[in-house]
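Spelled out from the first residue to the last, the chains are:
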Amino acid sequence: MDTTIKSATRGQDTYVVPSLALEEVAALSPEEGEKLLTDLRAAEALIEAGKCVVYDREDQRRRFENIYSRRS
């Protein structure tokens, strides 16, 4: 059985990516992709320079579960 999903964007290419649920994500233009890479490289440089906050993985998991376990 074929399933067709109508795009939520107007004429822009999209990708369906796995996350907590399947979501439609707009494809980046070449310019947007370059800006994203530039921003990621800048963020990596800040991390390497020690200018970042290190979060406890277990604390983040507990916070996530606490927030989403109350939703219904």
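A brief report on the enclosed structure follows. The model shown is predicted, which means the values in this text are computed figures rather than measured ones. (Residues numbered from 1 in each chain as written. Predicted model: local features only at pLDDT ≥ 70, side-chain atom pairs only at ≥ 80, totals over all residues. Heavy atoms only, no water.)

So, the overall build of the chain
A count of helical and extended segments in the chain gives two helices and two strands. Listed by position from the N terminus, the elements making up the chain come as β-β-α-α. (Helix = DSSP H or I, 4+ residues; strand = E, 2+ residues; numbered from the N terminus.)

Section: the packing of aromatic side chains
Per the counting criterion, the structure on display carries one aromatic pair. Taking the centre distance of 4.7 Å and the plane angle of 45° together, the rings of Phe64 and Tyr68 count as tilted. Of this pair, Phe64 and Tyr68 are both found in helix α2 (residues 57-69), four residues apart, which corresponds to roughly one turn of the helix. Judged by relative accessible area, Phe64 falls into the partly exposed class, the value being 37%. (Phe/Tyr/Trp six-rings, centres within 6.5 Å; stacked < 30°, edge-to-face > 60°. Buried < 20%, exposed > 50% of the residue type's maximum accessible area, 1.4 Å probe, protein only.)

Things to note about the pattern of salt bridges
A side chain of one charge can pair with a side chain of the opposite charge when the charged atoms of the two come close. Here the structure, examined in full by the defined rule, presents four salt bridges. Arg61 is the partner of Glu58 in a salt bridge, and the nearest nitrogen-oxygen pair spans 2.7 Å. Here Glu58 pairs with Arg61, and both are found in helix α2, just three residues apart, close to one helical turn. We note a salt bridge from Arg61 to Glu65, for which the minimum N-O separation is 2.9 Å. Of the two residues, Arg61 and Glu65 both sit in helix α2, four residues apart, roughly one turn of that helix. Residue Arg61 is classed as partly exposed on the basis of its relative accessible area of 37%. Through salt bridges with shared partners, a single ionic network connects Glu58, Arg61 and Glu65. (Salt bridge = Lys/Arg side-chain N within 4 Å of Asp/Glu carboxyl O.)

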